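Spelled out from the first residue to the last, the chains are:
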Amino acid sequence: MQTVLTANKLSKHYQMGEITVKALNDVSFEIYEGEFVVVLGPSGSGKSTMLNMIGGMDKASEGEIYYRNEPLHEATERRLTWYRRNAIGFVFQFYNLIPNLNTLENVMLSTELSDHPLDAKTVLDEVDLLDRADHFPSQLSGGQQQRVAIARAIAKNPDILLCDEPTGALDFTTGLSVLKLLKKFNKTYRKTVIIITHNAGIGKIGDRVFYIKDGRIERIQVNEKPLEPEEVSW
Amino acid sequence: MILLRKMLRDMLENKLAYLACIIVMSMGLMTYSAMSIVMVNLNNARDTFYEDYNIADAFANVQSMPLNRIDDLEGIPGIKSARGILKQDVRVDVDGDENVYLRLNTYNIEDTSRINDVYLSEGYNLDENSLLIWIGDKFFDENGLQIDDTIDLVVNGKVTTFTIAGRVLSPEYVYVTRNSYDFMPSPKTFDIAYVSKPVMEKLVGRSNEVNYINLTFEDGTVYDDVKEQIKSNLKAYGLISLTDLEHQSSNAFLKEELKGLESMAKSMPFLFLGISSFILYIMLKRLTETQRGQIGILKALGYHNYEVQAHYLSYALVIGIIGGIAGGILGTQLSVFYTETYKEFFSFPDIENAFTYKFTFYGLMISVAFSLFAGYQGTKKILRLTPSMAMSPKAPKVAKRSVLENIKPFWSSLTMQGKMAVRNLVRSKGRSIFTVLGLLFAFSIMVVAWSYDTLIDTMIFDQFDKVQLYDMKVTFKGLIPAKEAQSLLYDLDGVSYVETIVEVPVQIKKGTYEKNTIIMGLSDDIELYRVLDADQRTVDLSENGLYLSENLAVQMDVGVGDILRVETPFVDDYITMEVIGIIPQYIGSNGYANMQYLEAKTGYENVATTAYLKVSPEKSDAIRHELEDAENVGTIEVEAQTLKKYRDLLDSYGYMSYIMAMISIVVGFAIVYNSSVISLSERQRELASLRVLGMSVDEVLQIVSFEQWILGFVAMILGIPTAILMMQGMSSAYQTDIYAMPSSIGDFAFVLSVFGTALFIWLSQLNVKRKIKRLDIVEVLKERE
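Everything numeric here is computed off the predicted structure, so don't read it as measured data.

Participant: Can you walk me through the overall build of chain A in this structure?
Facilitator: From N to C terminus, chain A includes six helices and 10 strands. Against the compact-globule benchmark of 17 Å for 234 residues, chain A has a radius of gyration of 17 Å, which places it among compact chains. By its C-alpha atoms, chain A is 50 × 40 × 40 Å across when sized along the principal axes. Expressed as a percentage of the 234 residues in chain A, the buried residues total 58%. In chain A, the proportion of contacts linking residues at least 24 apart, taken out of those at least 6 apart, comes to 71%.

Encoded structure:
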């Protein structure tokens, strides 16, 4: 399997007044094409910082991170934007839809950017929301909003889908449907999916689980037989 | 494309705030394009009229010059042609209590290259034998005259009936006023008229002589090249005044008006654009702050910084474009109205409205530039954040005690809402300053607007109430013995008191400065005319020397102690006079001197040119009629009539102050409204939390409104000196030969402005209340910051 992401001794330090906080400390890993990875850790463990590094939203203080052969740690702002634009699809805990754009427009917001996007309506149909295409975020339930967010991320046709607590704001049933959708995307399109969560139950559906604590990867667990979302509970 | 939709929806969500910004911007551009077009119109009309009707380059007034000596002037190198005419103000014999005069000019039918030629807008030609007359266009209209109507003129006590052959305009009289004290035309009672040369000569009894000479110059010749030679040539004929076109009365008025228009067209728009840009800056800054998370998302999705920046600049661009186009179109329409208004004052054959959208285009460019600049300034900071920083909530503002909290009695007197309001004000310094500045501007403009009446009162009516204390002013045709004048006037039934004075036409010089004016010779104990100093105290005129009106002194750059060279037709050689005082005076510019001193200087003793009368009101009309027939009497001015004329005229322009007040209310409302909307959206969570705690809508409103009242109070306090400075600035900007603008603040201007300011604070609070009511407590609190 080909490597899509490689991190070598990746660190991120924040200065908080006189104290230096090491949010990420000497982290190394590889993530492969088509893999379903779950990054698991309690709050404050450095999960979100890791997501920011992987997503090209922030730069590392030390260490290296590569997208395929591209060194993201020394990329210019312009190159990072290109990376986010074409390689990454984000799904956030609180959906982060643009309130003044309707469902279809929120999806089109990302298809307009990508060099090789999927058809916005087709993707909306895949997440079962085509009939809500002209609804605004305020007219949708939390689960529906998250499905729009997933559609928005998928529609760019990115290499990697990066999900930050995608079920965090949802009830179990709705969360389950979201996970199913992510799994489906992973299988159908053979794209890498990285889920960042504090929810240990979700770990069982990943090909690999990165346990993260105090800014370090404690261990990496390989699931020989990952479960389907409907087989897990939390 | 998608972001365009977002922008439009965002703007519609806050439409009133953006609309207010557009209104302020379009007002600026409306002024710009309207003033600019009117300026072009007036300039074009003037240039065409002057060119086509051969305006003179210099104008001379002499006592009398034989017609056959005019050609001598053409011998002066640089003089292209010279024409002499007779000119005299004659009274029109009309019923009613008003004095009506026409300035009668010679029209030389045979001359094929007349200077200051006449445009006949309706009617037929004059001839040499009939009593035909051409009348000024506006007089014709104002008095409801028709061609072939008759008009009676009283010349030297004799009534002559003329037939009106036409209505005319002259480039020499684009702005028709009778003398330098009249600064607005009054076409119902004064205008120009023309009769043929033989008729004129017969009428005034002056054959083959002229009293006015018009001159044109060769190309490349300027006034200074030929001035001295013209003067020495005309000296023998009693030169009273020599003026170049630039200083000629009508042209000078026109020039001042154009100058005023130009400065308005240049300064007003930038004032409004400055304010609207400021509003826009604050709004976009706020928008990017509240949309911090959305900016993060856009960046995370892969939008470049410049794309996000362009998105937020598109808000500014839309405001700039709509404001620019609206302002331009409104201004272009308004220019038609303005041009029509100018037609009431200026007499041109045709002022074409150059209906051009050129200035709309320029205005659009200016407004777009201003908006983009404001937009860029407002958005640049937030866009520097990395996507991860942008998506995380902004760190709360550092909270610390404000200085006000140390003032214990003040602080402990505040309710909890009051304390929150004060802390919020101190913490949001930028917004507080913005609101204070906006209110300050609106308040000061309002004070200026409400001072209009007082300003006019001081400017004009003070002259009547405090300076000119006479009931009637009689000007004789020339110098007459003072005793003769006195006995003539005292003989009239109803005249209770007479004082005579001498008005000497002079040309005063100092260095390169030169002015034609008059010196009024007043006796020490004059009672019917007061010369007042800055503190409204009567100036003691017993000292020997010259007092100059302030605007004249400023224009000639002279001060007390300076020695001036004075030329007058009364004396062959020049005389010198020392300036011993400067008199603040708003209308006219002239000099004053003690009568004995003036007599000693000129060598004329016990003479008079003018008399001031106190008369019993019921006899006033009879006295006037009697004087109209007197041989030596030139003009009669009844003070009450003049005063009424001014009052009527100025009352009709009182709407100007209402327009200014309206503008300031719109601007003030736009600012207060925007700042409250911004404050509200920034504090939705805080206010919603208070509602959840159990505060009523009114209690929550109290916090926001208390802030605004405090800011309003500060703005009003600062507004007092600002308004005073504004008035002083305006008064120094509007100082001309003809009038000076006082800087007095109206009696109730401050009080009215306080009410005005309170009104728009209150209006904006109504809207805030509506928004607080609509606050969806559950949703707001559920949303992640």
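Participant: It is not clear to me how the interface of chain A and chain B should be interpreted in this structure. Could you clarify?
Facilitator: A common measure of how large an interface is: the accessible area buried when the components associate. Counting residues at the interface gives 26 residues for chain A, matched by 25 residues for chain B. Both sides of the chain A and chain B interface together cover about 2,400 Å² of buried area, and 58% of this is carbon and sulfur. The interface formed by chain A and chain B includes three salt bridges. For B:Arg9, the salt bridge is made with A:Glu105, and the minimal N-O distance between the two is 2.4 Å.

Participant: In this structure, what is going on with the domain arrangement of chain B? I would like to understand it.
Facilitator: Residue and element names in this part refer to chain B. Here the domain parsing of chain B yields domain 1 (1-54 + 248-395), domain 2 (55-245) and domain 3 (465-649). Distance between the C-alpha centres of domain 2 and domain 3: 25 Å. Across the boundary between the two partners, domain 2 contributes 28 residues, which contact 26 residues of domain 3. Across the interface of domain 2 and domain 3, roughly 2,400 Å² is buried in total on both sides, 41% from carbon and sulfur atoms. Across the domain 2-domain 3 interface, the total number found is three salt bridges. If you look at where domain 2 meets domain 3, you find four residue pairs in polar contact (both at pLDDT 80 or more). Elements with a contribution of two residues or more to the side of domain 2 that touches domain 3: β3 (87-92), α6 (223-234) and β11 (239-244). Taken together, the residues of the side of domain 2 that touches domain 3 sort by class into eight nonpolar, 11 polar and nine charged.

Participant: Looking at this structure, how should I read the domain arrangement of chain A?
Facilitator: Residues and elements named next belong to chain A. What the domain assignment lists for chain A is domain 1 (1-87 + 160-169 + 180-234) and domain 2 (94-158). Taken together, the contact between domain 1 and domain 2 spans 15 residues of the former and 17 residues of the latter. When the two sides are added together, the surface that domain 1 and domain 2 hide from each other amounts to roughly 1,400 Å², 55% of it contributed by carbon and sulfur. The largest contributions to the domain 1 side of the interface with domain 2 come from Arg-85, Asn-86 and Leu-181, which together make up 37% of the buried area.

Participant: I tried to follow a negative patch on the surface on my own but got confused; where do I start?
Facilitator: A grouping of B:Asp524, B:Asp525, B:Glu527, B:Asp540, B:Glu543 and B:Glu578 is seen on the molecular surface, where their side chains present a negatively charged patch. Its place among the elements puts B:Asp525 in the loop between β14 (513-522) and β15 (546-549).

Participant: What am I meant to see in empty space enclosed by the protein here?
Facilitator: If you roll a probe as big as a water molecule over the atoms, it shows you where there is empty space left. Residues and elements named next belong to chain B. Tallied over the entire structure, the rule returns 10 cavities of 30 Å³ or more. Approximately 100 Å³ is the volume found for the largest cavity. Lining the largest cavity are 13 residues, and of these Arg-431, Ser-675, Ser-679, Glu-707 and Leu-711 lie nearest its centre. It is helix α23 (residues 697-733) that provides the largest number of residues to the lining of the largest cavity, a total of four residues. Counted by class, the lining of the largest cavity contains three nonpolar, eight polar and two charged residues.

Participant: I would appreciate a short explanation of the environment of A:Ile160 in the present structure.
Facilitator: All names here are of chain A. With respect to the helices and strands, the residue Ile-160 is situated in strand β7 (residues 160-164). Judged by its relative accessible area of 0%, Ile-160 falls in the buried class. For the pair Ile-160 and Gln-139, spaced 21 residues apart in the sequence, the C-alpha separation amounts to 29 Å. Dropping the residues within four chain positions of it, Ile-160 is found in contact with Val-4, Leu-5, Tyr-67, Tyr-83, Ala-87, Ile-88, Gly-89, Thr-192 and Ile-194.

Participant: Can you help me understand the sheet that holds strand β4 (residues 62-67) of chain A in this one?
Facilitator: Strands in a sheet are paired, the pairing made by backbone hydrogen bonds, and the direction either parallel or antiparallel. Residues and elements named next belong to chain A. Here we have four strands laid out as an open sheet, ordered β2-β1-β4-β5, and antiparallel in their pairing. Two strands bound the open sheet, and with one partner strand each, they are β2 (19-32) and β5 (70-71). Strand direction decides the pairing type here: strand β1 (residues 3-16) and β2, joined by 10 bridges, are antiparallel. Paired with Tyr-14 across the bridge in β2 is Val-21. Contacts between helix α1 (residues 47-54) and the sheet are confined to β1, β2 and β4, with β2 contributing the most and set at about 60° to the helix.

Procedures and definitions
Residues numbered from 1 in each chain as written. Chains lettered and ligands numbered in written order. Predicted model: local features only at pLDDT ≥ 70, side-chain atom pairs only at ≥ 80, totals over all residues. Heavy atoms only, no water. Helix = DSSP H or I, 4+ residues; strand = E, 2+ residues; numbered from the N terminus. Rg over C-alpha atoms; globule rule 2.2 N^0.38 Å. Buried < 20%, exposed > 50% of the residue type's maximum accessible area, 1.4 Å probe, protein only. Contact = heavy atoms within 4.5 Å. Buried area = accessible area lost by both parts, 1.4 Å probe. Salt bridge = Lys/Arg side-chain N within 4 Å of Asp/Glu carboxyl O. Domains from an automatic or database assignment. Polar contact = N/O pair within 3.5 Å; in protein donor to acceptor, adjacent residues only side chain to side chain. Nonpolar A, V, L, I, M, F, W, Y, C, P; charged D, E, K, R; others polar. Patch = residues over 30% accessible without salt bridge, like charges linked within 9 Å, V, L, I, M, F, W, Y side chains within 5 Å. Areas by Shrake-Rupley, 256 points an atom, 1.4 Å probe, with all protein chains shown as cover. Lys, Arg positive; Asp, Glu negative; His and termini not counted. Charge placed at Lys NZ, Arg CZ, Asp CG, Glu CD. 1 Å grid on protein atoms, 1.4 Å probe; cavity = no way out; pocket = protein on both sides within 12 Å on 5 of 7 lines; lining within 4 Å. Points joined across faces, edges and corners; volume = space filled by probe spheres on them. Pairing = 2+ DSSP bridges. Axes fitted to C-alpha atoms, helices over the stretch in contact; angles between N-to-C directions.

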